[in-house]
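Residue-level listing of the chains:
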Amino acid sequence: MGFKVYNTMSRCKEELIPLEEGHVRMYTCGPTVYNYAHIGNFRAYMFEDLLRRHLKFSGFQVTQVQNLTDVDDKTIRASIEQGLPLKEYTKTYIDAFFADLAKLNIEPAEHYPAATDFIPEMIALIEKLFEKGYAYQSEDGSVYYSIDKFAGYGKLARLDREGMQSGARVAQDEYDKDNAADFALWKAYVPEDGDVAWDSPWGRGRPGWHIECSAMSMKLLGESFDIHTGGVDNIFPHHEDEIAQSEASTGKPYSKYWMHCGYLVVDGKKMSKSLGNFHTLREILDMGYTGREVRYELLSAHYRQSLNFAFKSLEANRAALKRLDEFYAKIKETAAGGTEAGDLPEWAGGLRDRFGAALDDDLNISGALAALFDTVHAGNKAMAEVPISGEQAVAVSNLWNELDAVLGFLMPPEEEVSPDVAELLEARAAARAAKDWAESDRIRDALAELGWTVKDTPDGPKLRKL
RNA sequence: GGUGCGGUAGCCAAGCGGUUAGGCAGUGGAUUGCAAAUCCACCUAGAUCGGUUCGACUCCGAUCCGCACCUCCA
C-alpha cells in the first residue's frame, strides 16, 4: 500500500507515483517577503513540512523548491515608503522567515529561489508564450496572457466561465485587456515602481505575479514534476494561471499532483490583516509559548481542514507534550542501561506500521497521533507492572527518533540542571530522609520558582522543567 | 449567481454500514509524608427531517447553519 494524496486536480485521493522512481520533486509556494509572516502562513509551510518528512519516512528522495516572492506591489510600495532599496528591504523579512522556520523546526527545502534572481528566465518564458501565440502586449506596454487561447483554462479550479461573476476587483483592472480575466505576464513600468524595473523586449517593467512560479519551478525541477502545493486560496487564480503559462509554453503536463491546505482561522474567520485577527510567530513566542507548542498546534489537525487557532489549544498542547515527554524520559532512563537495541516490547510493536499507515492516507495526522498516544498509554501501563530491559528501551528510543523525523516535536528540549538547582535537590533529599516535610516542601516551592518540578518516584527524586 | 469545504461529547479532533479513536479539561478511586507522574473507573457525541438497510454518525435526498474562493491573500 502506497502513499495516497488528495489531488485537487482530480478531486480524489490518488496513489503518489513520482515521475522519476524513488524521487519526489515538489514546488511549494512560499512567502511574499514584505512583512513578517503570520502563523496562518506558517500553517501552509507546516503542512508542506509534514508532507516532505513523510515522503522521506516512506523512502522517497525529496527535492523541494520554495520560492520567495520579493517583488510585487506590496514589497515595492513598502520599500519606497521606507526609502530602502528593494533587496535591502526584503532582506529583513527573508531573514525573519528563516528564523521563524527554525523556531518551528521546519526542515529547510533544497532551493529557495527569489523572484528577482530569475528575471531572465521569466522573460524567456514570456517570449516563448509570444511565439506560441498566448501572449499579447496592450497599449500601456504590459503583456497579458490570453486565457481564451488555452483550452484547459479553469481545469484546476473547475471554473464555470459563464457563471463567473465579475468581482469588484475585475472592473478596476480591465483597461487594455482582450478579456477582463486575462492576467499580466509583464507589467509596464509606472512611476510608482520607483527604481524597481528590468529591461525586457517589451520595454522596462517587472514580472507579473504568476510567472515567477512557472519560471522557477520549471528551471529547478523540470518542465514536469510531481507535487505543487499551496493554500486553497492559491487554487485560483495563482495555480490556474501557472498551469496555463507552463503547459502552453512546453506542451507538457505541469505538476502531476496538486495539494492545497485549508485556512487557519481565528474565531471561525480566516486570519487576515484586514480583520486584525492575525498573529505573528514572534508575538506568540513573546507570550511565552514555545515553537514546539505552536508546531504541535499547526500540525495536529488534518491539512485540508480549516484549523481554528486558539491560545487555549496551545495550553492543551503543552499538557499533551508533557505526557509524551514524561514517557520518553522514562524510556531514556531505562535505555541508559542498554547499549544495543533489542526487540521492541510487545506494546510498541505495531506502532510504526499504524503510524505510517495513517499518514499514508493523505497525511492523516490524527490517526498517527492516536497510534502514538495509544502506545504511550499501553507502555505506561505495561512498564508499571514489568520494567522493560535496557535493550528494549533502546529499541523504543530508536523508534521515537524515527517517528520524530516525521513529527519534529517528540524530542524534549534539553534540560540543563544548574549547580544551585542540584544543590537544592540534595538539600531536599536530606530533609526528606529526616522526614522534615516542612523543609522539604519549602525547597520544592523554591525549585518551582526556578522553573522546576520535582517528583518523588520509587527510584528517587526526578526533576522536570515546568 | 458559480465553485468548494464543513457542522461529532465541556473544548479540540479522526476513522468507520454493526465491534472503546485520540488529546485537553472534569469527577471518583489506587498510589504518595503531601504532591507530581502513572494506572483504574466515570462522564461519552454525531445540525434537522426524510429515505435506503436486518442495522447509519458513516450511504442517498432535502432543509438549516457556518466558512472560503470567484484576478495578485498560505
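Just so you know, these numbers come straight off a predicted model, no measurement behind them.

A few words on the state of the cysteines. Under the criterion given, the structure shown has 0 disulfides. With no disulfide of its own, C29 lies closest to C213 among cysteine sulfurs, the gap being 4.1 Å.

What follows deals with helix α14 (residues 419-433). The terminal C-alpha atoms of α14, which comprises 15 residues, lie 21 Å apart, in line with the 21 Å expected from a rise of 1.5 Å per residue. When we look at burial in α14, the residues that qualify are V421, L425, R428 and A431. Take α14 and look down its axis: the buried residues cluster within an arc of 120°, on one side only. Residues of α14 that are exposed and point over 90 degrees away from its buried face: P419, E423, E426 and A433. Elements in contact with the buried residues of α14: α15 (437-449), β14 (452-457) and β15 (460-465). In the segment just after α14, K435 is the residue with positive phi, at about 55°.

For the rest of this paragraph, the subject is the side chain of E242. You can see E242 is positioned in helix α7 (residues 235-250). Contact partners of E242, with chain neighbours within four places excluded, come to C29, H210, C213, S214, H228 and Y254.

Given a rise of 1.5 Å per residue, 18 residues ought to cover 26 Å, and the 26 Å separating the end C-alpha atoms of helix α3 (residues 86-103) matches this to within 8%. Regarding α3, the residues found buried are L86, Y89, T90, Y93, I94, A96, F97, D100 and L101. Looking at the buried residues of α3, the elements they touch are α1 (39-57), β4 (61-66), α2 (73-82) and α8 (281-286). Phi turns positive, to about 55°, at N105, one or two residues after α3.

Take the sheet that holds strand β12 (residues 269-270) next. Read from one edge to the other, the open sheet built from 3 strands follows the order β12-β11-β13, with strand pairing classed as mixed. Whereas interior strands pair on both sides, the edge strands pair on one side only; in this sheet they are β12 and β13 (307-308).

The phi angle of most residues is negative, glycine excepted, and most peptide bonds adopt the trans form. With omega at 5°, the peptide bond leading from F236 into P237 counts as cis. Here the phi dihedral of N105 falls at roughly 55°; this positive angle occurs in a residue that is not glycine. Relative to the elements of secondary structure, N105 occurs in the loop between α3 and α4 (119-131).

Let's shift gears to the packing of aromatic side chains. Within the structure shown, the criterion is met by 22 aromatic pairs. Seen from their ring centres, Y36 and Y93 are 5.1 Å apart, and the 80° between their planes marks the pair as edge-to-face. Linking Y36 in the loop between β3 (23-28) and α1 with Y93 in helix α3, this pair joins segments that are 57 residues apart in sequence. The class for Y36 is partly exposed, based on a relative accessible area of 31%. The aromatic ring of Y6 is capped on one face by R304, whose charged end is 4.0 Å from the ring centroid.

For chain A, per-residue confidence averages 91 on the pLDDT scale, and residues scoring 70 or more make up 96% of the total. Segment residues 163-174: pLDDT under 50, and 4 contacts once partners within four positions in sequence are set aside and those in other chains are kept.

Summarising the element assignment, E131 is placed in helix α4. When its relative accessible area of 69% is taken as the criterion, E131 is described as exposed. Separated by 118 residues in the primary sequence, E131 and S249 have C-alpha atoms spaced 8.9 Å apart.

Another point: the sheet that holds strand β10 (residues 255-261). The 4 strands are arranged β4-β3-β9-β10 in an open sheet whose pairing can be described as parallel. Each edge of the open sheet is held by one strand with a lone partner, namely β4 and β10. Strand after strand, the sheet turns through a mean of 20° between neighbouring axes, direction not considered. Judged from the 6 bridges that link them, β3 and β4 form a sheet pairing that is parallel. Bridging from a neighbouring strand, Y27 pairs with V65 of β4.

Calculation criteria
- Residues numbered from 1 in each chain as written.
- Chains lettered and ligands numbered in written order.
- Predicted model: local features only at pLDDT ≥ 70, side-chain atom pairs only at ≥ 80, totals over all residues.
- Heavy atoms only, no water.
- Disulfide = S-S within 2.5 Å.
- Helix = DSSP H or I, 4+ residues; strand = E, 2+ residues; numbered from the N terminus.
- Expected span 1.5 Å × (residues − 1).
- Buried < 20%, exposed > 50% of the residue type's maximum accessible area, 1.4 Å probe, protein only.
- Arc of directions from axis to C-beta.
- Contact = heavy atoms within 4.5 Å.
- Pairing = 2+ DSSP bridges.
- Phe/Tyr/Trp six-rings, centres within 6.5 Å; stacked < 30°, edge-to-face > 60°.
- Lys NZ or Arg CZ within 6 Å of the ring centre and 35° of its normal.
- pLDDT = per-residue confidence, 0-100.
- Axes fitted to C-alpha atoms, helices over the stretch in contact; angles between N-to-C directions.

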